[in-house]
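One letter stands for each residue in the lines below.
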Amino acid sequence: MNRFEYTRAGTVQEAVQALAADPAARFIAGGTNLVDLMKYNVERPGRLVDITRLPLDEIVQHAGGLRLGALVPNATVAYDPLVNERYPLLASALLAGASPQLRNAATTGGNLLQRTRCYYFYDEGTPCNKREPGSGCPAMTGVNRIHAILGASDTCIATHPSDMCVALAALDAVVQVEGPDGRRSIPFAEFHRLPGDEPQRDTTLQRGEIVLSVDLPDEDFSTHYTYLKLRDRLSYAFALVSVAAVLEMDGDTIRTARLALGGVAHKPWRNAEAEGRLQGKPATPETFREAADVILAEARPYAHNAFKVELARRAIVRGLSQAAAGTPQSQTDKRIA
Amino acid sequence: MAKPMLSESGSSAPPETIPVTLTVNGQERQLRVAPWTTLLDLLREELDLTGTKKGCDHGQCGACTVIVDGKRINSCLALAVQKDGAHVTTIEGLSTGSLHPVQAAFVEHDAFQCGYCTPGQIMSAVALIEEGRARSRDEIREHMSGNICRCGAYSNIVDAVEDVLKNKGSSFREAAE
Ligand SMILES: Cc1cc2nc3c(=O)[nH]c(=O)nc-3n(C[C@H](O)[C@H](O)[C@H](O)COP(=O)(O)OP(=O)(O)OC[C@H]3O[C@@H](n4cnc5c(N)ncnc54)[C@H](O)[C@@H]3O)c2cc1C
Ligand code: SF4
Ligand code: FES
Ligand code: FES
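Residues numbered from 1 in each chain as written. Chains lettered and ligands numbered in written order. Predicted model: local features only at pLDDT ≥ 70, side-chain atom pairs only at ≥ 80, totals over all residues. Heavy atoms only, no water.

The name given to chain A in an unreviewed UniProt entry is Xanthine dehydrogenase family protein subunit M, with the source organism recorded as Methylobacterium terricola.

**Some thoughts on the nonpolar core**
What counts is decided by this rule: Grouping buried Ala, Val, Leu, Ile, Met, Phe, Trp, Tyr and Cys residues that are joined through side-chain atoms within 4.5 Å yields what is termed a nonpolar core. Only protein chains enter the area calculation, which uses a 1.4 Å probe; residues under 20% of their type maximum are buried, those over 50% are exposed, and those in between are partly exposed. Numbering of helices and strands starts at the N terminus; helices are DSSP runs of H or I of at least 4 residues and strands are runs of E of at least 2. Boundaries of every domain are those given by an automatic assignment or by a domain database. Any two residues whose heavy atoms approach within 4.5 Å at even a single point are treated as in contact.
In terms of nonpolar packing, the biggest core is built from 55 residues, with Leu54(A), Leu89(A), Leu90(A), Leu112(A), Leu168(A), Ile210(A) and Leu216(A) touching the most fellow members. It is helix 9 (residues 164–170) of chain A that contributes the most residues to this core, 7 residues altogether. In terms of domain composition, this core takes at least three residues from each of domain 1 (1–49) and domain 2 (224–323) of chain A. When residues no more than four places from it in sequence are discounted, the contact partners of Leu216(A) are Gly64(A), Gly65(A), Leu66(A), Leu68(A), Tyr87(A), Leu90(A), Leu168(A), Leu171(A) and Ala173(A). Ranked by size, the runner-up nonpolar core spans 39 residues in total, among them Val35(A), Met38(A), Cys64(B) and Leu79(B).

**Looking at the domain arrangement of chain B**
Residue and element names in this part refer to chain B. Where we set the bar: Buried area counts how much accessible surface, traced with a 1.4 Å probe, disappears from two parts once they are put together, with both parts' losses summed. Any Lys or Arg side-chain nitrogen located within 4 Å of an Asp or Glu carboxyl oxygen qualifies as a salt bridge.
Here the domain parsing of chain B yields domain 1 (18–93) and domain 2 (101–176). Computed from C-alpha coordinates alone, the two centres of domain 1 and domain 2 are separated by 21 Å. Opposite the 14 residues of domain 1 that make contact, domain 2 presents 15 residues. Carbon and sulfur atoms supply 58% of the area that domain 1 and domain 2 bury against each other, a total of about 1,200 Å² over both sides. Connecting domain 1 to domain 2 are 1 salt bridge.

**Focus: the environment of Leu168(A)**
Residue and element names in this part refer to chain A. Structurally, the position occupied by Leu168 is in helix 9. The spatial distance from the C-alpha of Leu168 to the C-alpha of Ala265 is 15 Å, given a sequence separation of 97 residues. Not counting residues within four places of it along the chain, the set of residues in contact with Leu168 comprises Leu90, Leu112, Ala173, Phe188, Val214 and Leu216.

**Structural notes on the pairing of strand 7 (residues 182–187) of chain A**
Residues and elements named next belong to chain A. This is how it is decided: At least two DSSP bridges between two strands are required for those strands to pair.
Across 6 bridges, strand 6 (residues 174–179) lies against strand 7 in antiparallel orientation. The residue of strand 7 that forms the bridge with Glu178 is Arg183. Between strand 6 and the antiparallel strand that follows it, strand 7, lie 2 residues.

**Structural notes on helix 1 (residues 12–21) of chain A**
Residues and elements named next belong to chain A. The cut-off we apply is this: Note that the arc is defined by the directions from the helix axis to the C-beta atoms.
All of the buried residues in helix 1 are Val12, Ala15, Val16, Ala18 and Leu19. One side of helix 1 carries all its buried residues, which in axial view fall inside an arc of 160°. Opposite the buried face of helix 1, at more than 90 degrees from it, the exposed residues are Gln13, Gln17 and Ala20. Residues of helix 1 that are buried make contact with strand 2 (25–28), strand 3 (47–50), strand 6 and strand 8 (210–217).

**A look at the site of ligand 1**
Heads up, the condition is: Nearness here has a simple test: a residue counts as near a molecule or strand if at least one of its heavy atoms is within 4 Å of that partner. The term polar contact refers here to a pair of N or O atoms within 3.5 Å; inside protein, the definition further demands a hydrogen-donor-capable atom paired with an acceptor-capable atom, and it admits residues adjacent in sequence only when both atoms are side-chain atoms. Working definition of accessibility: Shrake-Rupley area with a 1.4 Å probe, residue cover restricted to the visible protein chains. Three residue categories are used. Nonpolar comprises Ala, Val, Leu, Ile, Met, Phe, Trp, Tyr, Cys and Pro, charged comprises Asp, Glu, Lys and Arg, and polar comprises the others, including Gly.
Of all residues adjacent to ligand 1, which total 37 residues, the nearest are Arg26(A), Phe27(A), Gly31(A), Thr32(A) and Thr107(A). Chain contributions to the surroundings of ligand 1 come from chains A and B. Asn33(A) places a polar main-chain atom, nitrogen or oxygen, 2.9 Å from an oxygen atom of ligand 1. Val211(A) places a main-chain nitrogen or oxygen 2.8 Å from a nitrogen atom of ligand 1. With the chains in place, 96% of the 980 Å² that ligand 1 exposes on its own is no longer accessible. Counting residues per element, the ones that place at least two in the shell around ligand 1 are strand 2, helix 7 (108–112) and strand 8 of chain A. By residue class, the composition of the shell around ligand 1 is 17 nonpolar, 15 polar and 5 charged.

**A short note on the packing of helix 2 (residues 101–108) of chain B against helix 5 (residues 154–166) of chain B**
Residues and elements named next belong to chain B. Short version of the rule: The axes are straight lines fitted to the C-alpha atoms, using for helices just the contacting stretch, and the angles between their N-to-C directions are given from 0 to 180°. Should an angle fall under 35 degrees it is called roughly parallel, over 145 degrees roughly antiparallel, and 65 to 115 degrees roughly perpendicular, with every other angle called oblique. Handedness of a crossing is defined here by the sense of rotation of the near helix relative to the far one, left-handed for an anticlockwise turn of less than a right angle and right-handed for a clockwise turn.
Orientation of helix 2 relative to helix 5, taken along the N-to-C sense of each, is 135°, at an axis distance of 9 Å. Here helix 5 runs oblique to helix 2, going by the angle between their axes. The chirality of how helix 2 crosses helix 5 is right-handed. Together, Pro101, Val102, Ala105, Phe106 and Glu108 of helix 2 and Ile157, Ala160, Val161, Asp163 and Val164 of helix 5 make up the contact between the two elements.

**Looking at the interface of chain B and chain A**
At the interface, 43 residues of chain B touch 41 residues of chain A. The tally of links between chain B and chain A comes to 3 salt bridges. As a salt-bridge pair, Lys334(A) and Glu142(B) come within 2.9 Å of each other at their nearest N and O atoms. At the junction of chain B with chain A, the criterion picks out 20 residue pairs in polar contact (both at pLDDT 80 or more). Of all elements in the fold, only strand 4 (71–74), helix 3 (118–131) and helix 4 (137–143) of chain B reach the threshold of two or more residues within the side of chain B that touches chain A.

**Points about the sheet that holds strand 6 of chain A**
All names here are of chain A. The antiparallel open sheet is built from 5 strands, whose spatial order is 4-5-8-6-7. Of all strands in the sheet, those bounded by a partner on one side alone are strand 4 (59–62) and strand 7. Looking at each pair of strands side by side, their axes are set apart by 25° on average, direction ignored. Relative to strand 8, helix 1 is tilted by about 125°, and along the sheet it contacts strand 6 and strand 8.

The structure is reproduced here in structure tokens:
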């Protein structure tokens, strides 16, 4: 790990100022991603600004819904009674991720900003456009089994590894941030970005902005939902493909559908056309397959990840079936119903 | 002279050690740590508490599991300076004279082979029981999934944890006697 200075922020303003004052400074929350990357020399901050003492560690109800403070640990969100009552999709996605130890340390804000698990990004000895813009992307011609099939660019084919974020995308959450120029709200779909020709930028957050909270809308998402995560082992592994689905049903007919995919792109993947086509249709495998076809028509696989296209197709059909039936995937009994 | 580092920003002073107070296994320790010291390295290298193991050093194995302020975490990914004021329990802090019921159950069920993962497994199991969320064997497996055992002692580990969960009342009372 590189040598760095340490500042403990007492207020949000202090934290924002500390970052503005030192171009080499970075925020640190739970540290489960940043410390890991520092051990590999992928991140080399000159100063860490510790934000764990800021008063952003509460879950509160507000007019628009539920507000998750940026410092609330992933485990606390996952077991929160209100979250489980109204947004069980989010609780399920969190419990599908990492391990109990990591979820105790990991925070809501840190989870949003965790970086890709692309092997080349982690390996200082290889080029990587995300780590060192302009150096190249060895994943394109190398081992790309875990990489993106949707929305990639010719500079980067990495995926975003978070489970939580896939659920937040399906729930249309809003991220509240504060920076040197004040506060702003970022709709979840605009928070993460596609790599384009700036793969070093994972999000639309500006330098020096701090995440204050993630706000969940005031709607009932408790009946027809599922988080289905497919991976190489049944726990403690990142998603190859995951599906977060929330439906509103009129009997057997779909009134509205929200569907986000994880493990397939540089950000949680939504497709408005596919969701639109589900509206007013009977909840049948044929309907679900049609939606999957729309989403995967633009899929562009590489040498080792073509299996993800079929895996995603089946996961979408299975996930939508689970949501429609009101039988969400269990995160302890691993059988896929 | 390390004080300015704590709240002052933008200073160009070279990194130095920072005062940190930790209560480790019930004993308060006043320490000075470099900011890049992980809690794991502090425990092992400075406090000679080598029961906590370093497996991967990257959050991937659970060998370094300790309980901080009542919650199990991977000490390899925690910076010691961030834990200023915290209460830390390590494997050395579990037994009070006789073995902790979880330790006793691991012995009884032969829940290890080489033993390298065992302190982490036991700390994780102690926290699992405290959390009270796992009941079935599936749930025990899932809630223990942050602890890898290279020797594959998993089935006996689940047996040991299940035994303590089922007989929690009696064995905890016995241990207290
Ligand atoms: C072995 C392992 C397995 C894992 N498996 C999974 C998995 O299956 N699914 C999954 O979703 N995740 C998984 N994770 C990732 C884990 O969820 C993240 O590491 C964690 O959520 C990061 O949160 P943190 O608070 O520790 O962030 P930190 O490491 O403290 O910070 C991460 C980044 O966020 C920035 N940051 C933090 N808070 C803020 C804020 N409030 N405002 C602005 N910037 C901020 C930091 O500057 C840093 O760049 C795994 C991690 C490990 C080590
Ligand atoms: S896919 Fe992205 S992160 Fe991976 S090597 Fe290529 S540029 Fe780097
Ligand atoms: S040493 Fe910490 S998880 Fe492996
Ligand atoms: S007993 Fe050897 S690693 Fe678990």
